[in-house]
Amino acid sequence: MTIDETPRASGSGGESPGMGRSRATVRDLERYAQLFARRTEGMKSSAMRDLMAITARPEIISLAGGLPDTSTFPAEDIAELMARVARDASARALQYGPTDGMVALKTCIVEVMAEEGMSVGEDDLLVTTGGQQVIDLVCKTFIDPGDVIVAEGPTYPGAVPTFGAYQADVVQIEMDTDGMRIDLLEQTLERLECEGRTPKFIYTVPTFQNPAGVTMALERRRQLVRLAAQRELLILEDNPYGLLRYEGSSLPPLYALDGGEYVIYLGTFSKILSPGLRLGWTAAPRPVLEKLNLGKQGADLCSSTFGQHFVIEYFARRDWRDVLGKLRKLYRRRRDTMLEALAENLPREAEWTRPGGGLFIWATLPDYIDTTDLLARALREHVAFVPGRAAYLDGRGGSAMRLNFSGVDEDDLREGVARIGKVVSEQVRLYSTLTGTEPTRARRATPAESAAASARIVPLRRRAG
Ligand SMILES: Cc1ncc(COP(=O)(O)O)c(C=O)c1O
């Protein structure tokens with residue numbers, strides 16, 4: 001039960017009589033405040049979770065989520081597979097299962113990881129309740145208050161509240177279009193060493209990063225894995241998007257380069273099948289895996305056995321690579337639509353990344369535009385995005401935004417970006433009026449210009465001047 005759901009004690013505040021449930025009063029909060037553990041001070045709501053309540057409204061075009069389009073997996077198919085599970089395996093599917101997951105599911109995971117060139121045994125795996133649980137379990141296992149985590153800047157907004165809840169000191173390393181800057185990482189590690197501090201782990205989404213959409217170059221992957229081995233540092237490699245590639249050839253995951261020595265790998269069925277299943281996994285060195293397993297026992301005993309049976313059936317009776325192929329085609333089209341719409345609707349000073357896969361584009365607006373404020377205006381125009389600050393723990397990212405292109409169709413993508421373009425133009429005009437500078441017009445791209453824009457890789461950081 002959350003505070004908001006707590007039944008109100010009589011006479012506890014001036015709400016209308018008969019209200020069984022209402023928001024906590026100051027008195028309620030004071031009463032509980034003395035009881036809350038200190039770690040709750042670090043617990044902050046995720047910007048994306050907050051936005052989800054608003055963006056669920058049908059009139060809002062949401063470019064804020066990270067929602068896959070599950071329409072490529074037809075309802076009749078789901079119904080048939082679920083009926084099969086209910087009919088053939090209900091006794092087991094409705095029962096508790098092993099904490100580390102069902103062996104048959106692990107066989108499917110081995111297949112998925114092999115697709116990206118990773119060789120792993122069933123015993124190296126722990127099935128989890130989504131990839132998100134891996135981040136939580138890794139923090140639970142390694143982080144005491146004040147411990148250092150090194151992450152990319154920007155980082156996955158969903159990891160921000162997890163790091164906060166464990167009171168980690170998160171140091172974020174800048175990226176460019178080749179991913180995390182390893183030279184800056186080395187400098188940071190040196191500095192931390194001088195302060196007598198060693199990071200507990202380096203958290204990275206090397207492929208089609210959420211939120212930046214960039215991919216770590218091969219040479220940087222090698223450098224990172226070498227660095228981790230030299231310094232005996234753990235890496236948490238978060239890889240939900242590696243198989244959602246729209247062009248080019250795939251790069252080896254860090255786990256494949258390192259051979260499972262220092263890399264804890266996170267995978268998930270959320271983006272290649274369905275997030276509603278809440279099934280992910282981790283592959284990790286055995287001593288780490290054992291601790292993660294203990295952490296999971298305390299958290300939820302096991303992940304949904306029904307869901308696991310469903311995935312096993314799906315892998316046995318459908319061609320998961322075929323569904324993946326359809327997803328790739330669909331998302332490639334949507335990515336291209338969004339890139340074109342951005343070129344048509346954002347002012348010249350704006351920049352954005354051009355992801356080769358995944359679900360997100362990271363756009364950076366002129367410095368004087370604060371995207372947290374802009375979101376309030378955008379919502380009035382019935383469009384939503386994730387403000388850049390959600391991807392930082394230190395207040396940076398104020399003029400950036402994360403845009404998702406997988407969750408809505410092409411018409412809504414065009415309309416959504418046009419609405420964002422409108423509120424951005426208003427801000428640009430306002431700034432020009434206040435400063436007496438000439439407003440730059442939104443770029444009206446011809447098809448040829450749009451194609452050229454699509455072919456251009458835009459740096460993650462704004463160029464000087
Ligand atoms: C980078 C990254 N890690 C982890 C997750 C969590 O995914 P899930 O818990 O649905 O597997 C997400 C979801 O969007 C993500 O983008």
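Everything quoted here is computed from the prediction, not taken from an experiment.

(A) Geometry of the site of the ligand. As a structural note, the neighbourhood of the ligand is formed by 13 residues, with Gly-131, Asp-238, Tyr-241, Thr-268 and Ser-270 the closest of them. At 2.5 Å from a nitrogen atom of the ligand is found a side-chain nitrogen or oxygen belonging to Asp-238. Contact distances for the ligand include 2.6 Å between an oxygen atom and a side-chain N or O atom of Ser-270. Expressed as a share of its isolated accessible area of 390 Å², the protein-covered part of the ligand is 93%. Examining the composition of the shell around the ligand, we find that 3 residues originate from one element, helix H5 (residues 130-142), more than from any other.

(B) A look at the side chain of Arg-402. Here Arg-402 is to be found in strand E14 (residues 400-404). Engagement of the side chain of Arg-402 in a polar contact is seen with the backbone oxygen of Ala-64, the distance being 2.7 Å.

(C) Geometry of the sheet that holds strand E10 (residues 351-352). Here 4 strands make up an open sheet; going across it, the order is E10-E11-E14-E13 and the pairing antiparallel. Two strands close off the open sheet at either side, each with one partner strand: E10 and strand E13 (386-387). Across 5 bridges, strand E11 (residues 360-364) lies against E14 in antiparallel orientation. The partner of Trp-362 across the bridge, within E14, is Arg-402.

(D) Region of the structure containing the sheet that holds strand E9 (residues 280-283). Across the sheet, which stays open at both edges, the 8 strands sit in the order E2-E9-E8-E7-E6-E3-E4-E5 with mixed pairing between neighbours. The open sheet has two free edges, formed respectively by strand E2 (125-128) and strand E5 (179-180), since each of these has just one partner strand. Pairing between strand E8 (residues 263-268) and E9: 4 bridges, direction antiparallel. Note on E9: the bridge partner recorded for Thr-268 is Gly-280. Packing against the sheet, H5 makes contact with E2, strand E3 (148-153), strand E6 (201-204), strand E7 (234-238), E8 and E9, and its axis sits at approximately 155° to E8. Where helix H10 (residues 286-300) meets the sheet, it contacts E2, E8 and E9, and its direction lies at approximately 25° from that of E2.

(E) View of unusual backbone geometry. In this chain, Gly-153 is followed by Pro-154 through a cis amide linkage whose omega measures 5°. With respect to the element layout, Pro-154 can be found in the loop between E3 and helix H6 (159-165). Here the residue pair Asn-210 and Pro-211 is connected by a cis peptide bond, since its omega of 15° sits within 30 degrees of zero. Structurally, Pro-211 is set in the loop between E6 and helix H8 (218-231).

(F) Up close: the nonpolar core. Leu-63, Met-113, Leu-185 and Phe-269 are the most contacted members of the largest nonpolar core, which has 103 residues in total. The dominant element in this core, judged by the number of residues it contributes, is helix H12 (residues 320-345), at 11 residues. Those residues in contact with Met-113, other than ones at most four positions away along the chain, are Met-118, Val-120, Leu-125, Tyr-255, Tyr-265, Trp-281 and Ala-283. Among the nonpolar cores identified, the runner-up in size contains 28 residues, and Val-138, Tyr-203, Ala-284 and Val-288 belong to it.

(G) Highlighting the pairing of E9. Side chains of E9 alternate between two faces, with Gly-280 and Thr-282 and Trp-281 and Ala-283 buried alike. With 4 bridges connecting them, E2 and E9 associate as antiparallel partners. Across the sheet, the residue bridging to Leu-125 is Ala-283, located in E9.

(H) Molecular detail of helix H4 (residues 103-115). End to end, H4 covers 19 Å across 13 residues, agreeing with the expected 18 Å (1.5 Å per residue, within 8%). Three or more residues of H4 are buried, namely Leu-105, Lys-106, Cys-108, Ile-109, Val-112 and Met-113. Around the axis of H4, the buried residues are gathered within 155° of arc, so they sit on the same side. Contacts from the buried residues of H4 go to E2, helix H9 (254-258), E8, E9, helix H11 (305-317) and H12. Where H4 ends, the next residue or the one after it, Gly-117, has phi of about 85°, a positive value.

(I) Broad picture of the packing of H5 against H10. Following both chains from N to C, one finds H5 and H10 inclined at 110°, their axes separated by 9 Å at the closest point. With respect to H10, the element H5 is oriented roughly perpendicular. Touching Gln-133, Leu-137, Val-138, Lys-140, Thr-141 and Phe-142 of H5 are Val-288, Lys-291, Leu-292, Gly-295, Lys-296, Gly-298, Ala-299 and Asp-300, all from H10. Residue classes in the contact of H5 with H10 are distributed as 6 nonpolar, 4 polar and 4 charged.

(J) Focus on the pairing of E14. With 5 of its 5 residues buried, E14 lies for the most part within the structure. Side chains Ala-400, Arg-402 and Asn-404 of E14 all project onto a buried face; the interleaved residues Met-401 and Leu-403 project onto the opposite face, where all are buried too. Examined bridge by bridge, E13 and E14 share 2 bridges and lie antiparallel to one another. Opposite Val-386, over in E14, you have Arg-402 as the bridge partner.

(K) Focus on the packing of aromatic side chains. On inspection of all chains with the given rule, the structure shows 11 aromatic pairs. A ring pair is formed by Phe-269 and Trp-281, whose centres lie 5.0 Å apart and whose planes are at 55°; its orientation type is tilted. In this pair, Phe-269 sits in the loop between E8 and E9 while Trp-281 sits in strand E9, placing the two residues 12 residues apart along the sequence. Across this residue pair, the class does not change: Phe-269 and Trp-281 are buried.

(L) View of the environment of Phe-142. Here Phe-142 is to be found in helix H5. Classification of Phe-142 as buried rests on a relative accessible area of 18%.

Criteria and thresholds
- Residues numbered from 1 in each chain as written.
- Predicted model: local features only at pLDDT ≥ 70, side-chain atom pairs only at ≥ 80, totals over all residues.
- Heavy atoms only, no water.
- Near = heavy atom within 4 Å.
- Polar contact = N/O pair within 3.5 Å; in protein donor to acceptor, adjacent residues only side chain to side chain.
- Areas by Shrake-Rupley, 256 points an atom, 1.4 Å probe, with all protein chains shown as cover.
- Helix = DSSP H or I, 4+ residues; strand = E, 2+ residues; numbered from the N terminus.
- Pairing = 2+ DSSP bridges.
- Contact = heavy atoms within 4.5 Å.
- Axes fitted to C-alpha atoms, helices over the stretch in contact; angles between N-to-C directions.
- Core = buried A, V, L, I, M, F, W, Y, C linked by side-chain atoms within 4.5 Å.
- Buried < 20%, exposed > 50% of the residue type's maximum accessible area, 1.4 Å probe, protein only.
- Expected span 1.5 Å × (residues − 1).
- Arc of directions from axis to C-beta.
- Parallel < 35°, antiparallel > 145°, perpendicular 65-115°, else oblique.
- Nonpolar A, V, L, I, M, F, W, Y, C, P; charged D, E, K, R; others polar.
- Phe/Tyr/Trp six-rings, centres within 6.5 Å; stacked < 30°, edge-to-face > 60°.

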